[in-house]
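What the coordinates show
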Amino acid sequence: MAMTISGFAAVDRVSEAASQLRARLADQTRQTSGGQRAATYAGLGADARRAIDLRSEVARHESLARAAERGEARAAVTQSALSRISSITTDMVATATALLSGGATQVSAAAIGARSALREVTGMINERFQGESLFGGADLDGTPIPGRVEDGNLFAAIKDAMKGMPPGGGTALRGTMRDLGASNDPAITPFSAYATAAATGEIEDSLASVPVSEGGAVEIGLYPNRNAGATPSKDADSTGSWARDLIYSLSVIANLDQLGTTGGADYQQIVTGALGALRAGLSGVSDEAAGLGTAEQRLSDSRVRHNDLATQLEGQLSEVEGVDLAEAISRAQATQTQLEASYRSLAMLSNLSLTKFLG
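Calculation notes
- Residues numbered from 1 in each chain as written.
- Predicted model: local features only at pLDDT ≥ 70, side-chain atom pairs only at ≥ 80, totals over all residues.
- Heavy atoms only, no water.
- 1 Å grid on protein atoms, 1.4 Å probe; cavity = no way out; pocket = protein on both sides within 12 Å on 5 of 7 lines; lining within 4 Å.
- Points joined across faces, edges and corners; volume = space filled by probe spheres on them.
- Nonpolar A, V, L, I, M, F, W, Y, C, P; charged D, E, K, R; others polar.
- Helix = DSSP H or I, 4+ residues; strand = E, 2+ residues; numbered from the N terminus.
- Core = buried A, V, L, I, M, F, W, Y, C linked by side-chain atoms within 4.5 Å.
- Buried < 20%, exposed > 50% of the residue type's maximum accessible area, 1.4 Å probe, protein only.
- Contact = heavy atoms within 4.5 Å.
- Pairing = 2+ DSSP bridges.

The full count for this structure, using the stated rule, is two cavities of 30 Å³ or more. Of the voids in this model, the largest cavity is the one considered here, and its volume is about 60 Å³. Lining the largest cavity we find G136, D139, G142, T143, P144, S192, Y194, A195, A198, D205, P224 and N225. Of the residues that constitute the lining of the largest cavity, the class distribution is five nonpolar, five polar and two charged. What the second largest cavity holds in volume is close to 30 Å³. The wall of the second largest cavity is formed by R174, M177, D237, Y248, V252, I270, G273 and A274. Elements supplying a minimum of two residues to the lining of the second largest cavity: helix 5 (170–182), helix 7 (242–254) and helix 8 (264–321). Looking at which element gives the most residues to the lining of the second largest cavity, the answer is helix 8, with three residues. Class assignment for the residues of the lining of the second largest cavity results in five nonpolar, one polar and two charged.

Moving on, we come to the nonpolar core. The nonpolar side chains of a soluble globular protein tend to be buried, and buried together. Residues I125, M162, W242, I253 and L256 are the most contacted members of the largest nonpolar core, which totals 62 residues. Within the residue set of this core, elements represented by two or more residues are helix 2 (48–99), helix 3 (104–125), helix 4 (153–163), helix 5, strand 3 (209–213), helix 7 and helix 8. Setting aside residues no more than four positions away along its own chain, L256 makes contact with L99, V107, M162, I270 and V271.

Let's shift gears to the pairing of strand 4 (residues 216–219). Residues of strand 4 alternate between two faces, with G216 and V218 buried on one and A217 and E219 left unburied on the opposite face. Here four bridges tie strand 3 to strand 4, and the two strands are oriented antiparallel to one another. Paired with V210 across the bridge in strand 4 is V218. Between strand 3 and the antiparallel strand that follows it, strand 4, lie two residues; G215 among them carries a positive phi value of about 85°.

The next point concerns the layout of surface pockets. A water-sized probe rolled over the atoms picks out the places where empty space is left. Volume-wise, the largest pocket comes out at about 220 Å³. Of all the elements in the fold, those that place two or more residues in the lining of the largest pocket are strand 4 and helix 8. Top contributing element to the lining of the largest pocket by residue count: helix 8, with seven residues. Here the residues of the lining of the largest pocket are counted per class, giving eight nonpolar, four polar and four charged. Every residue along the wall of the second largest pocket is listed here: A67, R70, G71, R74, F129, Q130, E132, L140, A208, S209, V210 and I220. Along the lines of polarity and charge, the residues of the lining of the second largest pocket split into six nonpolar, three polar and three charged.

As far as function goes, none of this settles anything; it's purely spatial.
Right, here's the structure in full:
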């Protein structure tokens, strides 16, 4: 019976060589299919630390780019709300201007229009984006103006004051309207308890912001009852807050029919005061929109910058972790050839009988 030499040193050496070639080919095949030098950082040897650092930097820049993109989206929604508020206010300025020479019929129509405008303006101030309040300051979960202003105490106080105006009381009532609009008294103001506490300095109220660098951020939030970036108006009829100016002046126009007169000095005083507050509010809205536009541009620049840096770092990471595909394929083919030759040698040795070997 013929006896093979399996287990002899020659076969063992060829088997070991074939095993190493198989392992090498498997690794090279993985490299050609995935483009990576190694499946783990350990396989990168001395380059492992650099690869880890680069990957961390790529992730950081990608995260900041995504944050900037989300911030741009939020700012765009806020701009849309401001644009609508501006459009409504512009229309009401025209209405109030016409009221200075209008009759009873015009007053009635203006009052109806003011109520509609009031509901829409407060609706815009209560606008949300992805579940967060746009005009809530740091109170992202709350509602800046709970309920309808028409059903609230400010509206009722303005209505009562106008209904009870004595002859010759137009100038005093004009000032009273402004003071009611500026009030932080919880029994009068239409704003939330949080917004009121923030306005009086009882709590800190930071604006929503977007990180753009290590320690750097761009503010994109707005307040419901005080200006964020807008310069407070110096108009005598302004409360110093564009939102308050709009809400109280619209409430005044909505209640003009309570005066019982559409002419005379008293009527002129009230309408002129409301018109001044509307114009102050419109100016404030424009200022906020301009400031937000600057913030949007900064966010856009940040997004582009971080995306560019992430791309550059990914290129460096690819050089560290990746392989030259053409070279890797060439090496794999050479290893495959060596492995096939090794298999042939092993087959020849395994087929040798002891007789052939001794002969």
